Amino acid sequence: MNKNIIQIKGVKKSYKDVEVLKGVDFEVEQGGIFALLGSNGAGKTTMIKIMATLLKADAGSIVINGFDIEKNHGGIRGSISLTGQFAAIDEILTGRENIQMIAKLRHLENPNAVAEELINRFGMSEAADRRVGTYSGGMKRRIDIAMSLVGNPKIIFLDEPTTGLDPEARLEVWKIVKELSSAGTTVFLTTQHLEEAEQLANKIAILHGGKIIALDTLERLKKLFPPAKIEYVEKQPTLEEIFLTIIGKKGGEINGIYK
Ligand SMILES: Nc1ncnc2c1ncn2[C@@H]1O[C@H](COP(=O)(O)OP(=O)(O)OP(=O)(O)O)[C@@H](O)[C@H]1O
């Protein structure tokens, strides 16, 4: 079994008198894709911000990549990167310049080479020298994820990575996430989309009422529910069926008018 790269115990957080996290416990294995599921306002972003050292928990213990958050903020910051719901990209710069900027901020030796490597890895050579303002939503998310890989963090936090993307761009992000995990990066993502967790995650945690109420593989979570039962429902005709009936290719009848 892989070691647990994230260990969270008894984490609590309130905003004024609203208690959002009421004792959150979970562990994340190194190298996998872990999905934190929860409805709007469940506290997913709060949990990510706490782990990323952007917000302080009121109680609990947090150990990431062997560093205790109370004793070594810097160690945790050097091990992670965070990509938020709203891409932190400078739209006036090109994709390449955005990556170079992050490499400079992280004091890497050769920002140009770092950018070149990531642009190739993400298949963005054609768009790299265009302003990000001209990119589609999917391309922006792609460059955003590329930026978060500058400096090779061990863990990447993706907060609702496909929110606001069209289905094609969503598939593209899913592919990138799978590739990251195959290359050994631990991916921690939050999502409201069950399908997203189903597609990507090897461990799924459900945050509800301020606590983790379930944490398991998809297969085992499915077993918690009764076996699927067959239900008979009145079916409305699809547009295709209506169309085929009207043009006489199907012997159906709609409201007794068309045969
Ligand atoms: N700075 C803040 N001050 C007061 N309340 C806050 C603050 N940040 C978040 N909250 C509240 O805490 C709760 C949890 O918010 P959070 O953003 O962590 O949820 P979430 O699960 O990420 O939701 P979403 O899926 O909508 O992003 C919400 O009710 C939110 O309104």
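For the structure, see preceding data.
This one's a predicted model, so the numbers in the text were calculated from it and none came from an experiment.

K.L.:
For this particular structure, what's the right way to read the overall build of the protein chain?
P.N.:
Secondary structure summary: the protein chain contains nine helices and 10 strands in total. A buried classification covers 42% of the 259 residues belonging to the protein chain. Long-range pairs, those at least 24 residues apart, make up 64% of the contacts in the protein chain with a sequence separation of at least 6.

K.L.:
Help me out: how do you make sense of the nonpolar core in this one?
P.N.:
In globular proteins that are soluble, nonpolar side chains generally tend to be buried together. Core analysis: the biggest nonpolar cluster contains 41 residues, and Ile-99, Phe-122, Ile-145, Val-177, Val-187 and Leu-189 have the highest contact counts within it. Per-element tally for this core: the top contributor is helix α6 (residues 167-182), with six residues. Look past the residues within four positions of Val-187 in its chain and what remains in contact with it is Gly-32, Ile-33, Phe-34, Ile-156, Leu-158, Val-177, Leu-180 and Ser-181. Counting 29 residues, the second largest nonpolar core, distinct from the first, contains Val-20, Met-47, Met-51 and Phe-157.

K.L.:
How should I be thinking about the packing of aromatic side chains in this particular structure?
P.N.:
We describe a pair of aromatic rings using the distance from one ring centre to the other and the angle between the two ring planes. In total, this model carries four aromatic pairs according to the counting rule given. Aromatic pair Phe-26 and Phe-34: ring centres 5.4 Å apart, planes at 25 degrees, arrangement stacked. Here Phe-26 matches Phe-34 in class, with each residue buried. Both rings, one in Phe-26 and one in Phe-188, keep their centres 5.8 Å apart while their planes meet at 35 degrees; by these two values the pair is tilted. Here Phe-188 lies in strand β8 (residues 186-191) and Phe-26 lies in strand β2 (residues 18-29), a separation of 162 residues in the sequence. Since its relative accessible area comes to 4%, Phe-26 is described here as buried. On the basis of relative accessible area, Phe-188 is assigned to the buried category, the value being 0%. Here a set of aromatic residues connected by ring pairs shows up, and it is made of Phe-26, Phe-34, Phe-157 and Phe-188.

K.L.:
It is not clear to me how the sheet that holds β8 should be interpreted in this structure. Could you clarify?
P.N.:
The strands making up a sheet associate through hydrogen bonds between their backbones, and the pairing can be parallel or antiparallel. Pairing within the open sheet is mixed, and its six strands lie in the order β6-β7-β8-β3-β9-β10. Both edges of this open sheet fall to β6 (80-83) and β10 (211-216), since each of them pairs with a single strand only. Along the sheet, successive strands turn relative to each other by an average axial angle of 15 degrees, direction set aside. Note: strand β9 (residues 203-208) against β10, five bridges, orientation antiparallel. Residue pairing across strands places Ala-205 opposite Leu-215, the latter belonging to β10. Here α6 sits on the sheet and contacts β3 (33-37), β7 (155-159) and β8; the angle it forms with β8, its principal contact strand, is near 150 degrees.

K.L.:
Help me out: how do you make sense of the pairing of β8 in this one?
P.N.:
Each regular strand carries side chains that alternate between the two faces of the sheet. With six of six residues buried, β8 is to be regarded as a mostly interior element. One ladder, built from five bridges, connects β3 with β8; its direction is parallel. When the bridges of β8 are listed, Leu-37 appears paired with Thr-191. Strand direction decides the pairing type here: β7 and β8, joined by five bridges, are parallel. Bridge pairing in β8 places Ile-155 opposite Thr-186. Handedness of the crossover joining β7 and β8 through α6 is recorded here as right-handed.

Cut-offs applied
- Residues numbered from 1 in each chain as written.
- Predicted model: local features only at pLDDT ≥ 70, side-chain atom pairs only at ≥ 80, totals over all residues.
- Heavy atoms only, no water.
- Helix = DSSP H or I, 4+ residues; strand = E, 2+ residues; numbered from the N terminus.
- Buried < 20%, exposed > 50% of the residue type's maximum accessible area, 1.4 Å probe, protein only.
- Contact = heavy atoms within 4.5 Å.
- Core = buried A, V, L, I, M, F, W, Y, C linked by side-chain atoms within 4.5 Å.
- Phe/Tyr/Trp six-rings, centres within 6.5 Å; stacked < 30°, edge-to-face > 60°.
- Pairing = 2+ DSSP bridges.
- Axes fitted to C-alpha atoms, helices over the stretch in contact; angles between N-to-C directions.
- Right-handed = clockwise from strand over helix to strand, strands pointing away.

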